[in-house]
Amino acid sequence: MNPIQVGVVMGSSSDWDTMQHAVQILQEFGISFDARVVSAHRMPDDMFTYAESAAGRGMKCIIAGAGGAAHLPGMLAAKTVVPVLGVPVASKHLSGVDSLHSIVQMPKGVPVATFAIGAAGAANAALFAVAMLANEDPALREKLDTFRAQQTAAARGMTLPL
């Protein structure tokens, strides 16, 4: 079995509607991942253990989705050197703008890459993870190049063979 390369975490199971878009991209590229709920507020000890053990488990990055107060990405980044990619999950009251602001305003020294709110952000965070991994994997880079060429062709109304 391949070691887990990417962690996909979320603050609650209700965030799955958004975060499944990251998982779909990772699956499409054959990236091994671990998806789970690790709440900064409801299970902080589990979250700290997850973050502190990520590098030792061989993770290359963590995609962290968070709604509402959106502490998860920043808290993870404070406890690991593994890159954290933050995905704001839309909340019912402020449509995810509160999450976006919380994630993007990390203090100096606690870096979190921040993506768009919702499904597009989750998919782009996964594509960013794929691009990071492709720097060390020529076959994965070729798959990513093909994916990008297919996107361009689709925008032009064309279809390219796989």
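Residues numbered from 1 in each chain as written. Predicted model: local features only at pLDDT ≥ 70, side-chain atom pairs only at ≥ 80, totals over all residues. Heavy atoms only, no water.

Okay, the overall build of the chain next. Looking only at helices and strands, the chain features 6 helices and 5 strands. If you list the helices and strands of the chain from N to C, you get β-α-β-α-β-α-β-α-β-α-α. Compactness check: the chain gives a C-alpha radius of gyration of 16 Å against a globular reference of 15 Å for 162 residues, within 12% of the reference. Overall, the chain is about 45 × 35 × 30 Å in size when its C-alpha atoms are taken along their principal axes. (Helix = DSSP H or I, 4+ residues; strand = E, 2+ residues; numbered from the N terminus. Rg over C-alpha atoms; globule rule 2.2 N^0.38 Å.)

Turning to the nonpolar core, a few remarks are in order. Of all hydrophobic cores here, the largest spans 27 residues; its most connected members are V6, V8, L26, F29, I31, I63 and V130. Contributions of two or more residues to this core are made by β1 (6–10), α1 (16–28), β3 (61–66), β4 (84–88), α5 (119–134) and α6 (138–155). Not counting residues within four places of it along the chain, the set of residues in contact with I31 comprises Q5, V6, L26, V130, L133 and L140. Core analysis: the second largest hydrophobic core is formed by 20 residues, V38, A40, M47 and L72 among them. (Core = buried A, V, L, I, M, F, W, Y, C linked by side-chain atoms within 4.5 Å. Buried < 20%, exposed > 50% of the residue type's maximum accessible area, 1.4 Å probe, protein only. Contact = heavy atoms within 4.5 Å.)

A few words now on the side chain of S91. Tracing the backbone through its elements, the reader meets S91 in the loop between β4 and α4 (97–104). Judged by relative accessible area, which is 18%, S91 ranks as buried. Within the local environment of S91, its side chain forms a polar contact with the backbone nitrogen of G96, the two atoms lying 3.5 Å apart. Discounting chain neighbours no more than four positions away, the residues touching S91 are G68, G96 and D98. (Polar contact = N/O pair within 3.5 Å; in protein donor to acceptor, adjacent residues only side chain to side chain.)

A few words on the pattern of salt bridges. Going through the model one piece at a time under the given rule, you end up with 2 salt bridges. The partner of R36 in a salt bridge is D34, with the nearest N and O atoms 2.9 Å apart. Judged by relative accessible area, D34 falls into the buried class, the value being 16%. (Salt bridge = Lys/Arg side-chain N within 4 Å of Asp/Glu carboxyl O.)

Our focus in this paragraph is the sheet that holds β4. The strands that make up a sheet pair up through hydrogen bonds in the backbone, lying either parallel or antiparallel. Pairing is parallel across the open sheet formed by 5 strands, whose spatial order is β2-β1-β3-β4-β5. The open sheet has two edge strands, β2 (33–37) and β5 (113–114), and neither has a second partner. As paired elements, β1 and β2 share 5 bridges and run parallel to each other. The partner of V9 across the bridge, within β2, is R36. Across the sheet, helix α2 (residues 44–54) is in contact with β1, β2 and β3; its angle to β1 comes to roughly 165 degrees. Against the sheet, helix α3 (residues 72–79) makes contact with β1, β3 and β4, and its axis sits at roughly 150 degrees relative to β3, the strand it touches most. (Pairing = 2+ DSSP bridges. Axes fitted to C-alpha atoms, helices over the stretch in contact; angles between N-to-C directions.)

Bringing the pairing of β1 into the picture now. Of all 5 residues that make up β1, 5 are buried, and the element is covered over most of its length. Because side chains alternate across β1, one face comprises the buried residues V6, V8 and M10, and the other comprises G7 and V9, equally buried. As for the winding sense of the linkage, the β-α-β connection from β1 through α1 to β2 is right-handed. (Right-handed = clockwise from strand over helix to strand, strands pointing away.)

On to the packing of α2 against α3. Look at α2 against α3: their axes get within 8 Å of each other, and the N-to-C directions meet at 50 degrees. Taken together, the axes of α2 and α3 are oblique relative to one another. Between α2 and α3 lies a crossing whose hand is right-handed. Touching M47, F48, Y50, A51 and E52 of α2 are L72, M75, L76 and K79, all from α3. (Parallel < 35°, antiparallel > 145°, perpendicular 65-115°, else oblique. Left-handed = near helix turned anticlockwise from the far one by under 90°.)

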